[in-house]
Amino acid sequence: MVTLNVNNVNIISSILFNSCYNTTMNNEPAKKTSPYHHGNLKESLMETALEMIDKEGLDSVTLRDLTQRLGTSRTAVYRHFENKEALIQAVIKKGYEQLDLMFTPIFQDRTQSVAERFERMGRAYLDFAIAHPNLYRLLFGDNYRQEREEICDYKDESQATGLYALIGLLLEAQDEGIIALENPMIQAATVWASIHGLASLLIDGHLMMKDNFEAIYEYSQALLLKGLR
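Below is a summary of the structure that appears in this document. (Residues numbered from 1 in each chain as written. Predicted model: local features only at pLDDT ≥ 70, side-chain atom pairs only at ≥ 80, totals over all residues. Heavy atoms only, no water.)

**Some points on the packing of helix 1 (residues 41–56) against helix 2 (residues 63–70)**
Item 1. Two elements in contact, helix 1 and helix 2, have axes whose closest approach is 10 Å; the angle formed by their N-to-C orientations is 115°. When the interaxial angle is binned, helix 1 and helix 2 end up roughly perpendicular. As for the relative orientation of helix 1 and helix 2, their crossing is right-handed in sense. On helix 2, the residues that touch Leu41, Ser44, Leu45, Thr48, Ala49, Met52 and Glu56 of helix 1 are Asp65, Leu66, Arg69 and Leu70.
Item 2. Among the residues forming the contact of helix 1 with helix 2, the class breakdown is six nonpolar, two polar and three charged. (Axes fitted to C-alpha atoms, helices over the stretch in contact; angles between N-to-C directions. Helix = DSSP H or I, 4+ residues; strand = E, 2+ residues; numbered from the N terminus. Parallel < 35°, antiparallel > 145°, perpendicular 65-115°, else oblique. Left-handed = near helix turned anticlockwise from the far one by under 90°. Contact = heavy atoms within 4.5 Å. Nonpolar A, V, L, I, M, F, W, Y, C, P; charged D, E, K, R; others polar.)

**Observations concerning the packing of helix 1 against helix 4 (residues 84–108)**
Item 1. The N-to-C vectors of helix 1 and helix 4 enclose an angle of 80°; their axes lie 9 Å apart at closest approach. As far as their axial angle goes, helix 4 and helix 1 are roughly perpendicular. Residues Glu43, Leu45, Met46, Glu47, Ala49, Leu50 and Ile53 of helix 1 touch helix 4, and the partners they reach there are Leu87, Ile88, Ala90, Val91 and Lys94.
Item 2. Per-class residue counts for the contact of helix 1 with helix 4 are nine nonpolar, no polar and three charged.

**A few points about helix 8 (residues 161–175)**
Item 1. The end-to-end C-alpha distance of helix 8 is 21 Å, a good match for the 21 Å that 15 residues give at a rise of 1.5 Å each.
Item 2. Buried within helix 8 are the following residues: Gly162, Tyr164, Ala165, Leu166, Ile167, Leu169, Leu170, Glu172, Ala173 and Gln174.
Item 3. Buried residues in helix 8 make contact with helix 4, helix 5 (114–131), helix 9 (184–203) and helix 11 (213–228).
Item 4. Positioned one or two residues after helix 8, glycine 177 has a phi angle of 75°, which is positive. (Expected span 1.5 Å × (residues − 1). Buried < 20%, exposed > 50% of the residue type's maximum accessible area, 1.4 Å probe, protein only.)

**Focus on the environment of glutamine 108**
Item 1. Structurally, glutamine 108 can be placed in helix 4.
Item 2. The spatial distance from the C-alpha of glutamine 108 to the C-alpha of glycine 168 is 8.3 Å, given a sequence separation of 60 residues.

**Points about the side chain of glutamine 174**
Item 1. Following the sequence through the fold, glutamine 174 ends up in helix 8.
Item 2. A polar side-chain atom of glutamine 174 sits 2.8 Å from the main-chain carbonyl oxygen of glutamate 182.
Item 3. A polar atom in the side chain of glutamine 174 sits 2.8 Å from the side chain of glutamine 187. (Polar contact = N/O pair within 3.5 Å; in protein donor to acceptor, adjacent residues only side chain to side chain.)

**Description of the pattern of salt bridges**
Item 1. If you walk through the whole model with that rule in mind, you get ten salt bridges.
Item 2. Between arginine 69 and glutamate 56 there is a salt bridge, with its nearest N and O atoms 3.0 Å apart. Taken together, the residues span a long stretch of sequence, with arginine 69 in helix 2 and glutamate 56 in helix 1 at a distance of 13 residues.
Item 3. Relative accessible area serves as the criterion here: at 24%, arginine 69 is assigned to the partly exposed category.
Item 4. Across the pair glutamate 119 and arginine 123 runs a salt bridge, and its minimum N-O distance is 2.3 Å. Placement of both glutamate 119 and arginine 123 in helix 5 is noted, with a separation of four residues, approximately one turn of the helix.
Item 5. For glutamate 119, a relative accessible area of 26% gives the class partly exposed. (Salt bridge = Lys/Arg side-chain N within 4 Å of Asp/Glu carboxyl O.)

Okay, structure coming up:
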């Protein structure tokens, strides 16, 4: 059984939790805890929602839980997000940005060959899916497909830097004669579909995939590159 390195795919920032003020109606002194005092509530809301999804699942996020964990009010939340759907959309966008930050340096590392970067990319993708299956399902599953389509435009290079970095790598491969001189967008979609399929099978608990992961991964990568020639 292969041991995957997941140290480079931890995209969740640590969150500080604070309690809001509590008051009582009797004559006893009111017990107070520190209110939310951090400067960037919007960012903290997104990071906390990411953490909740990562640890507790896609349906774990509620505005009530978020306000309790951050020690703020719903009124403060609504200053940044009009509803839960708007928050989830922001979380999805943030998740994609974090993935792009992870993948883009791999693709652009000219100290390694195209084949080496291709290998690193695939393993990093699988590492992320295995380490963070709930976040992976948020970003690529069917539950929030409509929300993703409303905010993500894969044709916009500024919104999909990881995709276009992959396309750049494939163009390098074309220049070096490693793969065919064909539409790099279609080639990129083919590469992603292959690795996404492996990742989905792994996190959905297919035992054959887990028991034979290394052999299947190496064979699929070799077959994929051969098919792109």
